[in-house]
Amino acid sequence: MRATATSKGSAPPAHRVVLTGFGVFSSIGVGAVEFAEGLRAGRSGAKPITRFETEGFAHANGCELVGFEPRQWIRNLDVDELGPATRFSVAAARMAIDHAGLDEEELRERRGLISIGTTDGESHDLDRLVETEITHGPEKMDPVVVRRVAPSRLATAVAHELRLHDVEAVTIATACAAGNYAIGYGFDAVRTGEVEFALCGGADAMCRKTFAGFYRLGTIAPDCCRPFDKDRKGILTGEGAGVLVLESLESALRRGATIYAEVLGYGLNCDAEHPVAPDQSSIARCMELALNNAGVKPAEVDLISAHGTGTKANDVTETRAVRDVYGAAAPRTVSLKSMLGHTMGAASALAAIACALAIVGEFIPPTINHRETDPECEIDCVPNHAVDAPLRIVQNNGMAFGGNNAVVILSKYEEQAS
């Protein structure tokens, strides 16, 4: 995104960007209120997987979204024409604008942006098509399912459902950092005045392909996810969606909106060091980029929402990178994946919403399932129980295969910018 130059050749002043609404579909709660309650309670979404056949796997727990009724939220599109991840993204976007108190007809008159991050797109439907091809031949593929698999639909279907005509709609496929990428994209667009609002976040539905891939890598935990624990065994795959409403402070104040948090800045990088292994120096550099972009000093950060997958390599590498940036006095560093599982492209979007809700509710969500911290993970992970804490600035980490890193900095809204 680039600001349009004024007649004198200088860029217009930047807008402060605030969060005014959330759409949340997760295994521990639907909607901002229930999600916040789940976070504070340290609720676990882990349960045996039913989304697909798991015969042949020694263990198959995951964090499924139970009881999702897409027709409650999707009113203008044919639900059967949407894949499961697209249903999540569209429903979350509808919930987000309702939560923000935005009127659809008014939105249609405003320039906007829709950016949705994903890891798998509609891989659940691709699983079905591949199974049909192997069993019955490609000529037996269901044409309805074939039409649903384009990942671009995660964003464009939001525009179609809300009948938004003056928007850019993009799907960002930077895997497990994609939610933060999408938020950064929207932040730039609103900050520069290129758009008046942005619907940003991430969505993914559980699929057999991704579960089997992580299983073959030896990174699926047999029972639950234990980030930073010395006996951690890996991830649980999860699903859901998180969509955030970003708008300028002026817009939010003008319409009397509730402001949940302010987006101060973000950082992105890609080290391309290894297909799956995280790189310590690159992660540290991404944190520094985010802090610099936000104008925040490390000592001002009260909490880090870690990527925190619960794998041996990620947790050690990420916590070492945290200490590279913050030193021995690193802020509390928690992993929401202990509760939500790894929701892939939705992970950092749901975590950003959790950060904002923690700021408003003045609490730190716990890292659950914790027994003993790995000595190589030298952080306070707030084990098992939430703690009350006044939070001003929170850092949200998102890391992904291929070396894609994205970090977003949020703060408590204050009338005077610091």
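Scoring rules and cut-offs
Residue positions are counted from 1 within each chain, in the order its sequence is given. Local features in this predicted model are restricted to residues whose pLDDT is 70 or higher, and side-chain atom pairs enter the listing and the counts only when it is 80 or higher, whereas totals over whole chains, interfaces and linings include all residues. No hydrogens and no water enter the side-chain calculation; it runs on all heavy atoms of the structure. Residues belong to one nonpolar core when they are buried, are Ala, Val, Leu, Ile, Met, Phe, Trp, Tyr or Cys, and are joined through side-chain atoms within 4.5 Å. Only protein chains enter the accessibility calculation, which uses a 1.4 Å probe; a residue whose area is less than 20% of its type maximum is buried, one above 50% is exposed, and one in between is partly exposed. Think of it this way: any DSSP run of H or I at least four residues long counts as a helix, any run of E at least two long counts as a strand, and we number them from the N terminus. Here, two residues are considered to be in contact whenever any of their heavy atoms come within 4.5 Å of each other. What makes a salt bridge here is a side-chain nitrogen of Lys or Arg within 4 Å of a carboxyl oxygen of Asp or Glu, nothing more. Definitions used for this entry: grid spacing 1 Å over protein atoms alone; cavity, a set of points where a 1.4 Å probe fits but cannot get out; pocket, an open set with protein on both sides within 12 Å along at least 5 of 7 lines; lining residue, one with an atom within 4 Å of a point. Grid points are joined across faces, edges and corners, and a volume is the space filled by probe spheres set on the points. All amino acids are sorted into three groups, where Ala, Val, Leu, Ile, Met, Phe, Trp, Tyr, Cys and Pro are nonpolar, Asp, Glu, Lys and Arg are charged, and the leftover types, Gly among them, are polar. Interaxial angles span 0 to 180 degrees and are taken between N-to-C directions of axes, which are lines fitted to C-alpha atoms, for helices over the stretch in contact. For classification, angles of less than 35 degrees are called roughly parallel, those exceeding 145 degrees roughly antiparallel, those between 65 and 115 degrees roughly perpendicular, and all remaining angles oblique. In a left-handed crossing the near helix is turned counterclockwise from the far helix by less than a right angle, and in a right-handed crossing that turn is clockwise. Centre distance within 6.5 Å is the pairing criterion for rings of Phe, Tyr and Trp, where only the six-membered ring of Trp is used; planes under 30 degrees apart are then read as stacked, over 60 as edge-to-face, and the remainder as tilted. By the counting scheme adopted, Arg and Lys are positive, Glu and Asp are negative, and His together with the chain ends is not counted. Polar contact is defined as a pair of N or O atoms within 3.5 Å, subject to the rule that within protein one atom must be able to donate a hydrogen and the other to accept it, and that residues adjacent in sequence are counted only when both atoms are side-chain atoms. Each patch is assembled from residues with relative accessible area greater than 30% and no salt bridge, linking like charges that lie within 9 Å and nonpolar side chains (Val, Leu, Ile, Met, Phe, Trp, Tyr) that lie within 5 Å. Methods summary: accessible areas were calculated by the Shrake-Rupley approach with a probe of 1.4 Å, and residue burial reflects only the protein chains presented.

Enquirer: How would you summarise the nonpolar core if you had to cite specific residues and measurements?
Expert: Among the nonpolar cores identified, the biggest contains 49 residues, and Leu19, Phe22, Phe35, Leu39, Leu244, Leu246 and Leu391 are the most heavily contacted of them. Per-element tally for this core: the top contributor is helix α13 (residues 347–361), with eleven residues. Ignoring anything within four residues of it in the chain, the contact list for Leu244 reads Leu19, Gly21, Phe22, Ile183, Ala198, Leu199, Cys200, Gly201, Ala349, Ala352 and Ile353. Membership of the second largest hydrophobic core comes to 36 residues, among which are Ile74, Val90, Ala93 and Leu199.

Enquirer: Requested: an account of the pattern of salt bridges, with residues and values cited.
Expert: Under the counting rule described, the total for this entry stands at 27 salt bridges. The closest approach of N and O atoms between Glu372 and Lys230, which form a salt bridge, is 3.9 Å. With a gap of 142 residues between them, Glu372 in the loop between β12 (363–364) and β13 (387–388) and Lys230 in the loop between α8 (208–216) and β8 (240–248) connect regions that are remote in the sequence. A residue is classified by how much of its surface remains accessible, and Lys230, at 32% relative accessible area, is partly exposed. For Arg392, the salt bridge is made with Glu414, and the minimal N-O distance between the two is 3.5 Å. Of this pair, Arg392 sits in the loop between β13 and β14 (393–400) while Glu414 is found in the segment after β15 (404–411), placing the two residues 22 residues apart along the sequence. Judged by relative accessible area, which is 26%, Arg392 ranks as partly exposed. Here the residues in one salt-bridge network are Arg94, Glu104, Arg108 and Glu161, joined through shared partners.

Enquirer: Describe empty space enclosed by the protein, with residues and values.
Expert: Within this structure, the stated rule accounts for three cavities of 30 Å³ or more. By volume, the largest cavity is sized at about 80 Å³. Elements with a minimum of two residues in the lining of the largest cavity: α12 (337–340) and α13. By residue number, the principal contributor to the lining of the largest cavity is α13, which donates three residues.

Enquirer: Before we move on, can you summarise unusual backbone geometry with the specific residues and values?
Expert: The backbone of Phe228 shows a phi angle near 70°, a positive value even though the residue is not glycine. Of note in this structure, Asn369 is not a glycine but carries a positive phi near 65°. The residue Asn369 is located in the loop between β12 and β13 in this model.

Enquirer: Can you break down the layout of surface pockets residue by residue, with the values?
Expert: The calculated volume of the largest pocket comes to roughly 410 Å³. For the lining of the largest pocket, the secondary-structure elements that each account for two or more residues are α11 (312–326) and β14. Residues of the lining of the largest pocket, tallied by class, amount to twelve nonpolar, eleven polar and five charged.

Enquirer: Go over the packing of helix α2 (residues 84–99) against helix α6 (residues 153–162), please, and point to the residues and values.
Expert: Where α2 meets α6, the axes come as close as 9 Å, and the angle between the chain directions of the two elements is 45°. Taken together, the axes of α2 and α6 are oblique relative to one another. The two elements α2 and α6 cross, and the hand of that crossing is right-handed. Each of Ala85, Thr86, Ser89, Val90, Ala93, Arg94 and Ile97 in α2 lies in contact with α6, whose residues at this interface are Arg153, Leu154, Ala157, Val158, Glu161 and Leu162. When the residues that make up the contact of α2 with α6 are grouped by side-chain class, the tally is eight nonpolar, two polar and three charged.

Enquirer: Please set out the packing of aromatic side chains residue by residue, giving values where relevant.
Expert: Under the definition given, this model contains ten aromatic pairs. Relative to Tyr215, the ring of Phe211 has its centre 5.9 Å away and its plane inclined at 40°; by these criteria the two rings are tilted. One end of the pair, Phe211, and the other, Tyr215, are both in helix α8, four residues apart, so they sit about a helical turn from each other. On the accessibility criterion, Phe211 (0% relative accessible area) is buried.

Enquirer: Run through the side chain of Glu318, naming residues and quoting values.
Expert: With respect to the secondary-structure elements, Glu318 resides in helix α11. Nearest to the buried, unbridged Glu318 among oppositely charged side chains is Lys337, at 7.2 Å. Here the side chain of Glu318 touches Asn397 through a polar contact of 3.0 Å, side chain to side chain. Contacts of Glu318, omitting those with residues within four sequence positions, involve Met287, Ala306, His307, Gly308, Asn397 and Met399.

Enquirer: Tell me about the packing of helix α10 (residues 280–294) against α11, residues and numbers included.
Expert: Where α10 meets α11, the axes come as close as 8 Å, and the angle between the chain directions of the two elements is 45°. When the axes of α10 and α11 are compared, the pair comes out oblique. α10 and α11 meet at a crossing whose hand is right-handed. Two secondary-structure elements touch here, α10 through Gln280, Ile283, Ala284, Met287, Glu288 and Leu291 and α11 through Thr317, Glu318, Arg320, Ala321, Val322, Asp324, Val325 and Tyr326. Grouping the constituent residues of the contact of α10 with α11 by class yields eight nonpolar, two polar and four charged.

Enquirer: For a nonpolar patch on the surface, give the residues involved together with the corresponding values.
Expert: Together, Leu217, Val276 and Phe401 line one region of the surface with nonpolar side chains, adding up to about 260 Å² of accessible area. Note that Leu217 resides in the loop between α8 and β8.

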